[in-house]
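Examining the three-dimensional arrangement
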Amino acid sequence: MKFRPLHDRVLVRRIDAEEKTKGGIIIPDTAKEKPQEGEVIAVGSGSRDENGKLTPLDLKVGDRILFGKWSGTEIKVNGEDLLIMKESDVMGVIEGAAAPVRKAA
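Summary of the structure given here. (Residues numbered from 1 in each chain as written. Predicted model: local features only at pLDDT ≥ 70, side-chain atom pairs only at ≥ 80, totals over all residues. Heavy atoms only, no water.)

1. Looking at the overall build of the protein
Looking only at helices and strands, one finds 0 helices and 8 strands in the protein. Secondary structure of the protein in N-to-C order comes out as β-β-β-β-β-β-β-β. Per-residue burial for the protein yields a buried fraction of 29% across its 105 residues. If you take every contact in the protein between residues at least 6 apart in sequence, the share linking residues at least 24 apart comes to 64%. Surface exposure of the protein reaches about 7,800 Å², of which carbon and sulfur atoms provide 52%. (Helix = DSSP H or I, 4+ residues; strand = E, 2+ residues; numbered from the N terminus. Buried < 20%, exposed > 50% of the residue type's maximum accessible area, 1.4 Å probe, protein only. Contact = heavy atoms within 4.5 Å. Areas by Shrake-Rupley, 256 points an atom, 1.4 Å probe, with all protein chains shown as cover.)

2. Quick notes on the sheet that holds strand β2 (residues 37-43)
One key point about sheets: their strands pair by backbone hydrogen bonds, in either a parallel or an antiparallel sense. Here we have 6 strands laid out as an open sheet, ordered β6-β7-β1-β2-β5-β8, and antiparallel in their pairing. A strand with exactly one partner marks an edge of an open sheet, and here the two such strands are β6 (73-77) and β8 (90-93). Neighbouring strand axes in the sheet, compared pairwise and without regard to direction, differ in orientation by 45° on average. Note: strand β1 (residues 9-14) against β2, 5 bridges, orientation antiparallel. Residue pairing for β2: L11 is matched across the bridge by A42. (Pairing = 2+ DSSP bridges. Axes fitted to C-alpha atoms, helices over the stretch in contact; angles between N-to-C directions.)

3. Observations concerning the nonpolar core
The biggest cluster of nonpolar side chains holds 10 residues, and these are V10, V12, V40, L57, L59, I65, F67, L83, M85 and V90. Broken down by secondary-structure element, the contributors of at least two residues to this core are β1, β5 (64-67) and β7 (80-86). If we skip the residues at most four places from it in the chain, V90 touches V10, L59, I65, L66 and M85. Formed by 5 residues, the second largest nonpolar core is a distinct cluster that contains A42, V77, L82 and I84. (Core = buried A, V, L, I, M, F, W, Y, C linked by side-chain atoms within 4.5 Å.)

4. Concerning the environment of V10
When you line up the elements, V10 lands in strand β1. Here V10 falls in the buried class, since its relative accessible area comes to 0%. Residues V10 and V43 lie 33 residues apart in sequence; the distance between their C-alpha atoms is 4.4 Å. Excluding anything up to four places from it in sequence, V10 contacts P5, A42, V43, L57, L59, L83, I84, M85 and V90.

5. Notes on the pattern of salt bridges
One pass over the structure, following the stated rule, counts 7 salt bridges. The closest approach of N and O atoms between D81 and K76, which form a salt bridge, is 3.5 Å. For D81, a relative accessible area of 56% translates into the label exposed. For K76, a relative accessible area of 56% translates into the label exposed. Shared partners join several salt bridges into a network, and the residues in it are R13, E39 and E80. (Salt bridge = Lys/Arg side-chain N within 4 Å of Asp/Glu carboxyl O.)

6. A word on the pairing of β5
Direction of pairing for β2 relative to β5: antiparallel, over a ladder of 3 bridges. Across the sheet, residue E37 finds its bridge partner in β5, namely L66.

As structure tokens, this is what we get:
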């Protein structure tokens, strides 16, 4: 199944936080907070202004982003937990970040 967000929405895969602190303490799953960092998987075509002109999104597939703790709606696509949110929920793009580490499924 393929999924394409509409209008000004983006599909995001959360990037898991480190499981250890810098000092080497392992953080248990129950103490972890949900990551507020993710990778853009798909983007909509953009929003329309009052005149009907299409305004494309600033985000593109592959961007590493930061978003609010309560941003977006959790959905499941092909058995994977993803987030769908409006572009306005994104706080910023992380430039020059290393490629995200994905968990083995």
